[in-house]
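For reference, the chains in residue letters:
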Amino acid sequence: MFNRLSSMLHQAVEALNPTVPLQEEFIRHWKIITNYFIECTDENKPVSETKIPEHLQQMLTVLLKEEKENAGEETGPCMEYVLRHKILKAMVTLALANVPPGMTQCILIFLTKLLNAFQRPLLPLVNVHGPIHKTLCMIANTELAFSENEEVEFVWAICQQVRNDPSLIDLFIQPPRKGSAPTVDKLESNQDDLAVDSNDNGRHSLVEALVKLSKSEDTFVFERASEGLMLCTSLQSEQSAVYVVVYTQFCDVVAENLAKQFKMIPRKMSPAHILNCPAKWGGETFKDELFGENFPGKQQLLSFLSYLHFLDKLCSQAHQLIARAVGKSIREQFLIAILEPKLLEPAEEGTLTSIAHLTRCLIVIQSEYLIHEFTVFLLGDNLEPERRLGPPKNPLRHKMIHRCDHLNEKISAASIKLFEILLQKPDQHIMDNLIIRNVIKRNYYNLSSNVYNYSKVAALSSSSGGNYTQDEEYIQKCVNCYLSLIPDSAKSSNGSQDEYETYLKDANRQYTGRIIQCITWTWPREIISDINLNDSDEFYEGEFLNVLFNKLQRILDQPYEVNLQVTSVISLLVQFHHPHLHEYLLDPLIPLRDGSRSLYTVLQQIVNELRKRIAKIPEFKKMVQSSRQSLLSSDLPNITSPINKDLLEGTIVLEEFCKELAAIMYVKFKSPLKEVHNNSSLSQDISV
């Protein structure tokens, strides 16, 4: 009833008073605002106690009404007045002065509503983007937080305009006063140039404002600014990318934010909690995860992993120049400055925690640039063949590899798991650094042997050519070498056809995954036969394989979980398609040089030791079969003797590992560097 009466009174007033032209009404409101500053005697009176906000709102209402009447086809007289008399420039001047107090927020709200509600693009207009650029510079240079919410909404409104028209991003670039900005080619060829020149005046006002807001302690402001940064950096404008990298603190600030989040995590934390903690960017997801299992430091860990996930998404979408610079800053300011000292700590408890943190980070990152920076941080960039003697060139790499064979089995298993995650990343440098550089010269090969084996290996490693019948015979010999390693008296399984089928399917799936992982790598497809083999070159498999082989040799004396981890990593290695790696690691018939060892010779040594031990244990076969049943079914009581527990379980792991290697060998022969299809003939062949 009251609303109806108000409406009738409003209509009566309009009938008595002739309609005021929109331009006159607009000018009247603006003059009231300007007259306030002429007549004002109290500059400390808050703007909320004046009529200024109301008149600004009326001005906005008039502008929107005018645009609606013109259907956005042409500029109306009110907007012409705004542009001709540089009203927005005057407003920004008032915002900079913040007189009366709160004027900054009022102007920001006005500009935000104008950008959001106006249908016609305004930013391309000189007398619009000029004041907008000045406002962004004000936000970037002001450290006060009293107007953060209005600032971030204003900047976000601009980001939405840029999202709709990416070419607008160049409007916020201010060229340097002297000279010109460097080109993308120059920056890509010289990484040392990726730094802010403090003596220059080049600017990227939109990114600078977002960078400033991304430092906010307010979660909403921080996340909204971060989303804006992701948008701006994802645009493929080369000029914008150069200015972001050279003339803003963007790369340093995001790396500092990541380091800041990590420092807030409690020093003592369960590795299991770290590895199982989710990592998803976004406030709503973050809130949902807080309702799960609670533990000290969970919120801080979630914040860190969430921000790392954000940076990974940013680097995946960003211009490659920006992504590369962000990765470099993260390596320098987080990995080297913060994480490396923790990884090098001697304390075992701290070691487990830091390894868990690095492993979780590797699981999160998918961007090629972040993966490469993490890889170089952990392994270094050296690709020269390793030497058996002499001090390590990379202390962190040396320490992390040798922790795979640590006296503390928890540290050992955690370190091996770390490398397993690393090896699954699509970066060629990982395999080249850990293994390929040591086998590329093929100096493991015994030149004094006959050439028959070499020709067979070359044919097997190639994608075409060779006598298929002879190759089939050769591969059958190789497969049988692995399947016949374990003596019948030590086997826990009879090797049913279904079991072989399962291994074949797994091998097909895994090998296909490795081909996809390596699809862009520049490895040769065939054995390089023209390498100048030198008898005087000593072969050293490298630290990584050396540690893995040593660990594998103790398979009969290690816990079940550690053995699974060791064999899992080696199985992963033999799936890669480099022909020299295949020849050295997987071919049991290759003639080795004196003093060299391969995966197969290590397995032979283990089996010889196994034969000696089981000869002293009555009814070993029944014991190992019972142990297998206990491992397969948690309902059955574990009747394994504590004395023989590691031996029995190690024998089972060894047996299954040999079957797995046989399946991988067969699959790689059947489908070298081609699409892998399920093939059931192996189960029939090897069961004969």
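Conventions adopted
- Residues numbered from 1 in each chain as written.
- Predicted model: local features only at pLDDT ≥ 70, side-chain atom pairs only at ≥ 80, totals over all residues.
- Heavy atoms only, no water.
- Phe/Tyr/Trp six-rings, centres within 6.5 Å; stacked < 30°, edge-to-face > 60°.
- Helix = DSSP H or I, 4+ residues; strand = E, 2+ residues; numbered from the N terminus.
- Buried < 20%, exposed > 50% of the residue type's maximum accessible area, 1.4 Å probe, protein only.
- Lys NZ or Arg CZ within 6 Å of the ring centre and 35° of its normal.
- Expected span 1.5 Å × (residues − 1).
- Contact = heavy atoms within 4.5 Å.
- Lys, Arg positive; Asp, Glu negative; His and termini not counted.
- Salt bridge = Lys/Arg side-chain N within 4 Å of Asp/Glu carboxyl O.
- Core = buried A, V, L, I, M, F, W, Y, C linked by side-chain atoms within 4.5 Å.
- pLDDT = per-residue confidence, 0-100.

Q: Outline the packing of aromatic side chains, listing residues and values.
A: By the definition in use, this model includes 19 aromatic pairs. Ring geometry for F222 versus W281: centroids 6.1 Å apart, planes at 75°, classification edge-to-face. A residue pair is termed long-range when its members are at least 10 positions apart, and F222 in helix α11 (residues 219–234) and W281 in the loop between α14 (271–276) and α15 (283–289) qualify at 59 residues. Comparing F222 with W281, the two get one shared label, buried. Each residue in the set F222, W281, Y307 and F310 is aromatic and connected to the rest through ring pairs, giving one cluster. The side chain of R442 reaches across the aromatic face of Y445, ending 4.7 Å from its centre. Above the ring of F576, the side-chain terminus of R514 is found at 5.9 Å from the ring centroid.

Q: How would you summarise helix α6 (residues 103–117) if you had to cite specific residues and measurements?
A: The first and last C-alpha atoms of α6 sit 21 Å apart over 15 residues, in line with the 21 Å expected at 1.5 Å per residue. Within α6, the full set of buried residues consists of M103, T104, Q105, C106, I107, L108, F110, L111, T112, L114 and L115. Packing partners of the buried residues in α6 comprise α2 (22–39), α3 (52–70), α5 (87–97), α7 (126–141) and α8 (148–164).

Q: Would you mind going over the side chain of E660 in detail, with residue names and values included?
A: Looking at the element boundaries, E660 is found in helix α31 (residues 645–670). This buried residue, E660, is left without a salt bridge; R509 holds the nearest opposite charge, at 7.9 Å. For E660, the contacting residues outside a window of four places in its chain are Y503, Q510 and S571.

Q: Residues and numbers for the nonpolar core, please.
A: Counting 213 residues, the largest nonpolar core has L206 and F250 as its most contacted members. The element that contributes the greatest number of residues to this core is α31, accounting for 15 residues. Those residues within four positions of L206 in sequence are excluded, and the remaining contacts are L136, V155, I158, C159, V162, I169, F172 and C232.

Q: Could you give an account of unusual backbone geometry, naming the residues involved and the relevant values?
A: For the peptide bond that leads from V99 to P100, omega is -5°, which places it in the cis range. Following the sequence through the fold, P100 ends up in the loop between α5 and α6. Phi is positive for K86, close to 50°, though the residue is something other than glycine. On the secondary structure map, K86 appears in the loop between α4 (77–84) and α5. The class for K86 is partly exposed, based on a relative accessible area of 42%. Phi angles above zero are rare outside glycine, and N98 is one such case at about 55°. Along the chain, N98 falls in the loop between α5 and α6.

Q: How would you summarise the confidence of the model for the protein if you had to cite specific residues and measurements?
A: Predicted confidence across the protein gives a mean pLDDT of 86, with 84% of residues reaching 70 or more. Of the regions scoring below 50 in pLDDT, residues 5–18 engages in 0 contacts with residues more than four places distant in sequence or in other chains. Predicted confidence for residues 193–199 stays below pLDDT 50, and this span has 15 contacts to residues more than four positions away or in other chains.

Q: Any details on the environment of R442? Residues and values, ideally.
A: Positionally, R442 belongs in the loop between α22 (428–439) and α23 (452–461). With a relative accessible area of 4%, R442 lands in the buried category. Between the C-alpha atom of R442 and that of I527, which follows or precedes it by 85 residues, the distance is 9.3 Å.

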